[in-house]
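Coordinates in review
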Amino acid sequence: MEIFDYDNILLLPRKCRVESRSECDASVELGGRSFRLPVVPANMKTVVDEKICTWMAQNGYFYVMHRFDLDNLQFVRDMRAKGCYASISLGVKQPDYDTVDQLVAEGLCPEYITIDIAHGHADSVKAMIGYLKEKLPQAFVIAGNVATPEAIIDLENWGADATKVGVGPGKVCITKLKTGFGTGGWQLSALKWCARVATKPIIADGGIRSHGDIAKSIRFGASMVMIGSLFAGHEESPGKTVEVDGELYKEYYGSASDFNKGEYKHVEGKRILEPIKGKLADTLTEMEQDIQSSISYSGGKKLMDIRKVNYVILGGDNAGEHLLM
């Protein structure tokens, strides 16, 4: 099996079929809805809040609200009141089951529910998927996080509508250092490996350091790409603003960090400072233009045309051109 990550891969251009890159369609369908971009901000406390989620929903983007110190029920009510779709995160503990019961009692069904735990290939996730499918059958259930084809097969068989691939490749994740496990350093080939067996959409989660990495994720099987650090550090971002030597930064920390947990127990995340990048809307516009450029380089007009290109692996034992066979 080839092992590579985003910085080891370059996609190979095919003859351009458009007059202008703006003709290329960067949109993607997920759960019966079309979204302008195949990207979603990570469901983390320093990346999204209700204000950002509302803005994204109103402007045609996908979002997933985080599940920390949050009243999910009130969030769904609020999104309904604003005429927006609701996309929430749940864990697998008793309070999460209670949330599902409360949603049912009020006749509320979020359009998207992400079961979001660090090691998603687990019986606890199987039980929660089963419960959601019984109680809120209309909801589109995303489950993760996982790292192997076996996990994808199980989650899909258990009823997940999409899976989230990536264990510890994120910028504020230290899972590989703390546990010796994960996809840090080979996230892109883990995605390729998982996509080979997937019959439902995959959300690639973590390890994205540049906009070109989004195109690479699509090429190797992702339908949607979850991004943390590139979305953290905007003016609107919920992280605390910190000044260091006259420069402004935003706090960004992992969901499994002691900063998020409020205690030092089973810590697999850290805190960093991201330079403030300006407005989120400007970053999304730039991402869209870059993805349109990627589509034009792929010789296509639509996002999934990127899947048809060949690629090269740079350096290492796997170096060389890899053709679509």
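Here, every reference points to the structure presented above.
Heads up: these notes are all about the structure in this document.

Rules used throughout
Residues numbered from 1 in each chain as written. Predicted model: local features only at pLDDT ≥ 70, side-chain atom pairs only at ≥ 80, totals over all residues. Heavy atoms only, no water. Pairing = 2+ DSSP bridges. Helix = DSSP H or I, 4+ residues; strand = E, 2+ residues; numbered from the N terminus. Axes fitted to C-alpha atoms, helices over the stretch in contact; angles between N-to-C directions. 1 Å grid on protein atoms, 1.4 Å probe; cavity = no way out; pocket = protein on both sides within 12 Å on 5 of 7 lines; lining within 4 Å. Points joined across faces, edges and corners; volume = space filled by probe spheres on them. Nonpolar A, V, L, I, M, F, W, Y, C, P; charged D, E, K, R; others polar.

**Some words on the sheet that holds strand β14 (residues 311–313)**
- Read from one edge of the open sheet, three strands run β1-β14-β15, paired in antiparallel fashion. Two strands close off the open sheet at either side, each with one partner strand: β1 (9–11) and β15 (320–322). If you compare each strand with its neighbour and ignore which way they point, the axes differ by 25° on average.
- As paired strands, β14 and β15 are joined by three bridges and run antiparallel to one another. Considered in β15, the bridge of I313 is made with G320.

**Considering empty space enclosed by the protein**
- Counting across every chain of the model gives one cavity of 30 Å³ or more.
- P41, V47, I52, F231, H234, E236, S237 and L280 together form the lining of the largest cavity.
- Of the residues in the lining of the largest cavity, the class split is five nonpolar, two polar and one charged.

**Looking at the sheet that holds strand β11 (residues 241–244)**
- Read from one edge of the open sheet, three strands run β11-β12-β13, paired in antiparallel fashion. Both edges of this open sheet fall to β11 and β13 (271–275), since each of them pairs with a single strand only. Ignoring strand direction, the axes of neighbouring strands in this sheet form an average angle of 45°.
- By the bridge criterion, four bridges tie β11 to strand β12 (residues 247–253) in an arrangement that is antiparallel. The residue of β12 that forms the bridge with E243 is L248.

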